[in-house]
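Here are the chains, one letter per residue:
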There are 2 protein chains.
Amino acid sequence: MMRKVRVELGERSYDITIGSGALSELPEGDGKRTLLVMDSTVKALHGARILASLGGKPEEVFTFPAGEASKRPETAVDICRFAARLKFDRKCRFAAAGGGVTGDLAGFAAAVYMRGIEFIQIPTTLLAAVDSGVGGKTGTDIPEGKNLIGAFHQPAGVFTDTRLLATLPPADLRNGLAEIVKTAVILDPELFELLERNKDRLVSSPDLEELYPEIIRRCCELKGKVVSRDEKESGLRAVLNYGHTFGHAVELLSSYTLPHGQAVAVGMAAAGELAVLRGVWKREDADRQNRLLAALGLPVKVPPRCLACDLVNAMRGDKKNVGGAIRVVLCSGIGSSNLPEAADEKELLAAWEAIR
Amino acid sequence: MMRKVRVELGERSYDITIGSGALSELPEGDGKRTLLVMDSTVKALHGARILASLGGKPEEVFTFPAGEASKRPETAVDICRFAARLKFDRKCRFAAAGGGVTGDLAGFAAAVYMRGIEFIQIPTTLLAAVDSGVGGKTGTDIPEGKNLIGAFHQPAGVFTDTRLLATLPPADLRNGLAEIVKTAVILDPELFELLERNKDRLVSSPDLEELYPEIIRRCCELKGKVVSRDEKESGLRAVLNYGHTFGHAVELLSSYTLPHGQAVAVGMAAAGELAVLRGVWKREDADRQNRLLAALGLPVKVPPRCLACDLVNAMRGDKKNVGGAIRVVLCSGIGSSNLPEAADEKELLAAWEAIR
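Quick caveat, the model's predicted, so the values are computed rather than measured. (Residues numbered from 1 in each chain as written. Chains lettered and ligands numbered in written order. Predicted model: local features only at pLDDT ≥ 70, side-chain atom pairs only at ≥ 80, totals over all residues. Heavy atoms only, no water.)

**Section: the packing of aromatic side chains**
Applying the stated criterion across every chain yields a total of six aromatic pairs over all chains. On the numbers, 5.4 Å between centres and 75° between planes, the contact of F62(A) with F82(A) is edge-to-face. Separated by 20 residues along the polypeptide, F62(A) in strand β4 (residues 61-64) and F82(A) in helix α2 (residues 73-85) bring together distant segments of the chain. Here F62(A) falls in the buried class, since its relative accessible area comes to 10%. Over the ring of F152(B) we find R115(A); its NZ or CZ atom is 6.0 Å from the centre of that ring. (Phe/Tyr/Trp six-rings, centres within 6.5 Å; stacked < 30°, edge-to-face > 60°. Helix = DSSP H or I, 4+ residues; strand = E, 2+ residues; numbered from the N terminus. Buried < 20%, exposed > 50% of the residue type's maximum accessible area, 1.4 Å probe, protein only. Lys NZ or Arg CZ within 6 Å of the ring centre and 35° of its normal.)

Structure follows, in structure tokens:
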């Protein structure tokens, strides 16, 4: 059974199709030329199947080396130049098959090729399925920082075939689970309970036929609603950054060697401590969040050799800061959260110290 | 006296301020940090004055070598990296002071820096004042073609100080005049008559106090209305491409050594012949168009050594073609034009031959 989530964006809308076998729903044969963008790993594992489902041509595939290092403006330019040499016009589309790097990169290329063409997403990681594949944020990294060059560009459709997740190593599942727990903590107590009940079968022998499609559907629906109401992140959408302002600091100090999901888990633990310190969140709720993260194999402590003062300094560089103040999202219950609030250095240090 | 044109775009709007001394209207001291982007020529001629009018800091100026060769995605990335090193956040803005290259480049950088920040335009050429400075098209060139990487990104304000035009060589004035005549031919018989009446004082000793501000105001108003009704060029806006489908072919065959205005003038002459051939335009109107262009020192004949078949081939690569057909805008009177129509090879060849 395919699950569908419609994301409404002003006058436009698009569908996210989720399920085992969702590749069969790809717009094959609608007459649009499609440039398929994949990294080397996805190409090796799923390339032939995805290309066949798209009805695409092998010469209309752009492949790049797997890894965050490829997520540079230069690679996006290479995609556009490749499309231009194939004489792709404004009515063609790009398809991103892969994880967050591929979606961000190909989505950005689609946002700027001929000032914007259609693109579709085929997430092959859990993180992309629940997070980067929904919301229309695209971006590339420059040496000065991550995602500093990008665009808002909504996909025309997202096709999440959960069978593709079968090849994911546990660490990649955990990356997605961190964002799933985040979504539950800020927005949905029922999803949180669903995760708690099933915590032992999310990483080992995951159920890709029913449980995961349902979890992904729920996350997409929640994120889709937030994005609908605030496409350009002027307000509400900022709650999705829960755990991220703290998490980015951990990522930065690790020189981005720490997986994103682990950094977000640590960030959620730190944000939880700050909320408890301020008296807006109950200790037991923060503990419940941390217990679920830990049960899924995610870290809830600062990595060794990270000093609290270095972490606070790293938070200062975050692109979401406005006018120099560090702003963080705090929860007030399992499933309820508030817009970012300014936090001072002293309480940030205390929050980091509390999870050492 | 300052003239103002308001451009309405859905829920947003912005003002174009035109006149001798318009620099004094720049948003100096509104608390927003502004990165000023200029090429080497504009910096030498007007840099200090513009920076002072902006209340900007010398270290917050990005300068690049003058010329179309700088209009590459790499330069836009350099602008973003420069801004990131200065710790510019989402609430900062970029200001483009210059001609079309600077506006397109800095506008594109503003469109993608942190997924889009504010930008303002300070046109220093006539062409930028009437054309590239209005409409929100930004873009960069790749070896495969011009403007193939870009974005729609509307400015927050345009400040056209006609005093800055005093340093323009006649060839640059003619570049702008070609677009002005184009605007008149497709949209405004009165503007066409105004140009006819003043044709002898548009290039030599131009009146920058009254005549040019009025012409620029009128062009901005006309183009602004078209853009308001069709921001993303799905329909109406295509009439602004009058002369351009033919003109780009001439530009391409000259390897972009021919100034844009000259190419557009030749393109208008060719489009005129096609309209006459089809019987939709009176011979005398086409001649009247060509007489005005010639009086302003613009060419209305195919450059030597350009073969008609090569020109038709060059038209095939145009980014505005959809599904392979060459589509051109034709006039049906001075001041009235139609949406692009498909043209076949035979009549295109005949149109080119008619102006050899």
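**Comments concerning the interface of chain B and chain A**
Taken together, the 32 residues of chain B in the interface contact 32 residues of chain A. Counting the surface lost from both chain B and chain A, the interface buries some 2,900 Å², and carbon and sulfur atoms represent 62% of this. Taken together, chain B and chain A are joined by four salt bridges. Seen at the junction of chain B and chain A, the total is 10 residue pairs in polar contact (both at pLDDT 80 or more). Counting residues per element, the ones that place at least two in the side of chain B that touches chain A are α2 (73-85), α3 (100-112), β7 (137-142) and β8 (145-152) of chain B. Taken together, the residues of the side of chain B that touches chain A break down into 16 nonpolar, five polar and 11 charged. (Contact = heavy atoms within 4.5 Å. Buried area = accessible area lost by both parts, 1.4 Å probe. Salt bridge = Lys/Arg side-chain N within 4 Å of Asp/Glu carboxyl O. Polar contact = N/O pair within 3.5 Å; in protein donor to acceptor, adjacent residues only side chain to side chain. Nonpolar A, V, L, I, M, F, W, Y, C, P; charged D, E, K, R; others polar.)

**Brief notes about the sheet that holds strand β9 (residues 157-161) of chain A**
Residues and elements named next belong to chain A. Strand order in the open sheet formed by seven strands is β1-β2-β9-β6-β5-β3-β4, with mixed pairing between adjacent strands. The sheet is open, and its two edges are formed by β1 (3-9) and β4, each paired on a single side. Strand-to-strand twist of the sheet, defined as the mean angle between neighbouring strand axes without regard to direction, takes the value 15°. Bridge count between strand β5 (residues 93-98) and strand β6 (residues 118-123): six bridges; the pairing is parallel. The residue bridging F94 from the neighbouring strand is F119, located in β6. Contacts between α2 and the sheet are confined to β3 (34-39), β4 and β5, with β4 contributing the most and set at about 155° to the helix. (Pairing = 2+ DSSP bridges. Axes fitted to C-alpha atoms, helices over the stretch in contact; angles between N-to-C directions.)

**Here's the deal with the side chain of Q154(A)**
Residue and element names in this part refer to chain A. Inspection of the secondary structure puts Q154 in the loop between β8 (145-152) and β9. In terms of polar contacts, Q154 uses its side chain to reach the backbone carbonyl oxygen of G135, at 3.2 Å. Separated by 3.5 Å, the side chain of Q154 and the backbone nitrogen of G136 make a polar contact.

**Examining the relation of the copies chain B and chain A**
Note: a rotation about an axis with an accompanying shift along it relates these two copies of the chain. Least-squares fitting of chain B to chain A yields an RMSD of 0.0 Å, with the superposition described by an axial translation of 0.0 Å and a rotation of 180°. Here the copies are linked by what is in effect a two-fold axis. Taken together, the interface assignments show that 100% of the residues at the interface of chain B recur at the interface of chain A, consistent with an identical surface on both copies. (Least-squares fit on C-alpha atoms with pLDDT ≥ 70 in both.)

**Considerations on the domain arrangement of chain A**
Residue and element names in this part refer to chain A. Here chain A is partitioned into domain 1 (3-167) and domain 2 (170-200 + 233-354). Placing the centre of domain 1 and that of domain 2 at their C-alpha centroids yields a distance of 28 Å. Between domain 1 and domain 2 the total buried area reaches about 1,000 Å² when both faces are included, carbon and sulfur atoms providing 63% of it. For domain 1, the biggest contributors to the area lost against domain 2 are L126, L127 and K146; these three give 47% of the whole. Linking domain 1 to domain 2 there are one salt bridge. At the boundary of domain 1 and domain 2, one finds one residue pair in polar contact (both at pLDDT 80 or more). Listing elements by their share of the side of domain 1 that touches domain 2, those giving two or more residues are α4 (126-132) and β8. For the side of domain 1 that touches domain 2, the residue count by class is five nonpolar, three polar and three charged. (Domains from an automatic or database assignment.)

**A word on the sheet that holds strand β2 (residues 12-19) of chain B**
Residues and elements named next belong to chain B. Pairing within the open sheet is mixed, and its seven strands lie in the order β1-β2-β9-β6-β5-β3-β4. Taken across any chain shown, the strands that pair with only one partner, and hence form the sheet edges, are β1 (3-9) and β4 (61-64). In this sheet, adjacent strand axes meet at a mean angle of 15° when their direction is disregarded. For β2 and strand β9 (residues 157-161), the ladder comprises five bridges, and the chain directions are parallel. Paired with I16 across the two strands is V158, which belongs to β9. Seen against the sheet, α3 touches β3 (34-39), β4, β5 (93-98) and β6 (118-123) and runs at an angle of roughly 170° to β5. Where helix α7 (residues 211-229) meets the sheet, it contacts β1, β2 and β9, and its direction lies at approximately 10° from that of β1.

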